[in-house]
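# A structural walkthrough
So the chains spell out like this:
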Amino acid sequence: MIIRSDWHVHSEYSYDASTPLDVIGENAKKAGMRYVGITDHVNRNDKQYLGDLKRSAAGVTAAREKYPFLVLGAELTPIEKPLFDYIAETGTRDGFVPPAQEGPYDIMLAVTKQELKALGLRYAVVAAHRRVDLPNAKVLPPDLNASIKEWYRQQMFLAADERVTVLGHPWYHPEGLWYDDFSVIPRGMNADIFAALKENGKYIECNRDIFTDKKSAEKFRRQYAEFLREAFEAGVPVTYGSDHHNGYPDARPTVEQYLIPAGFSDGDFSEISEKDLW
Ligand SMILES: [Zn+2]
Ligand SMILES: [Zn+2]
């Protein structure tokens, strides 16, 4: 196997996941994984997510007694500043009305690096999941060019943010907007992202979900593996993230069938080094 550690797994402490840490620990042991990072979601600065983060941190810290290869992390996602501010003030997103504004909303993340470190976290995977640039972007019909521009904006923001250890699932899109042909993403954007990641000492993720999502075409998967190879050749270390939410099957053979033709071989995948862990 080219992949020997997994830096993106969700446990039962994530709002959208159900796998007990024991199941992850036992399956990872059987598969001979060197490290498994638990990265439960912290999507917003509200009670629900901050509570989940605390429970995840306590759970993983306890499970490390039995499974010392577990590493405590989290998955963060950009949030629009008006929503962040509203929650900070009221404690909830209920009643939030997105304000009209010239130009895109600023990007925030739910927690500070200090808060993450205080809970014992060692790193964060951070990824774009939705548009946060304009009011109610979620309910608008997907717009290819505006979406590409917004994903680029978020990913460039993340490439320079101190909370980001790994840029999670680059160019993931919930509706698979470009999952038939990845060449719609301008090469210059990727070159910019790789350069910024490299300059700031960040990792880029090879996410299993991209290769198993029913929405992603064969052609897209091959192009995506080549994109990861370009990142690697540009000097950005590549980590693997299975991103499993329910159960912990070993999906590496499926992913590696795309990685090998793209040029990846033994030793090309990275572990997050001690100097990069918090
Ligand atoms: Zn994600
Ligand atoms: Zn995830």
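Residues numbered from 1 in each chain as written. Chains lettered and ligands numbered in written order. Predicted model: local features only at pLDDT ≥ 70, side-chain atom pairs only at ≥ 80, totals over all residues.

### Structural notes on the overall build of the protein chain
Going by this rule: Put simply, DSSP marks the helices as runs of H or I at least four residues long and the strands as runs of E at least two long, and each gets a number from the N terminus on. For a compact globule the rule gives 2.2 Å times the number of residues to the power 0.38, and the radius of gyration it is set against comes from C-alpha atoms. Partly exposed residues are those whose C-beta has more than 12 but fewer than 20 other C-beta atoms within 10 Å; 20 or more makes a residue buried and 12 or fewer makes it exposed, with C-beta atoms placed from the backbone. What counts as a contact here is a pair of residues whose C-beta atoms, placed from the backbone, lie within 7 Å.
The number of helices and strands found in the protein chain is nine helices and nine strands. For 278 residues, the compact-globule estimate of 2.2 N^0.38 gives 19 Å, and the protein chain sits close to it at 18 Å. Seen along its three principal axes, the alpha-carbon backbone of the protein chain occupies a region of about 50 × 45 × 35 Å. A burial count over the protein chain gives 42% of its 278 residues as buried. At a minimum sequence separation of 6, the contacts of the protein chain that also span at least 24 residues come to 84%.

### Looking at the nonpolar core
As a reminder of what qualifies: Among buried residues, those of type Ala, Val, Leu, Ile, Met, Phe, Trp, Tyr and Cys that are joined through C-beta atoms within 7 Å form a set called a nonpolar core.
With 72 residues, the main nonpolar core has Ala124, Val126 and Leu167 as its most contacted residues. No other element matches the seven residues that helix α8 (residues 218-233) contributes to this core.

### Let's talk about the packing of helix α5 (residues 144-159) against helix α6 (residues 187-199)
When two helices pack together, their arrangement is captured by the angle between the axes and the distance separating the axes. We count it as follows: Helix axes use the C-alpha atoms of the stretch in contact, all axes being lines fitted to C-alpha atoms, and the angles between their N-to-C directions lie in the range 0 to 180 degrees. Oblique is the label for any angle not under 35 degrees, not over 145, and not in the 65 to 115 range, which are roughly parallel, roughly antiparallel and roughly perpendicular in turn. What makes a crossing left-handed is the near helix being turned counterclockwise from the far one by less than a right angle; a clockwise turn instead makes it right-handed.
Viewed as axis vectors pointing N to C, α5 and α6 meet at an angle of 15 degrees, and their least axial separation amounts to 8 Å. Taken together, the axes of α5 and α6 lie roughly parallel to each other. Viewed along their axes, α5 and α6 form a crossing whose handedness is left-handed. For the pair formed by α5 and α6, the contact residues are Tyr152, Gln155, Met156 and Ala159 on the first element and Met189, Asp192, Ile193, Ala196 and Leu197 on the second.

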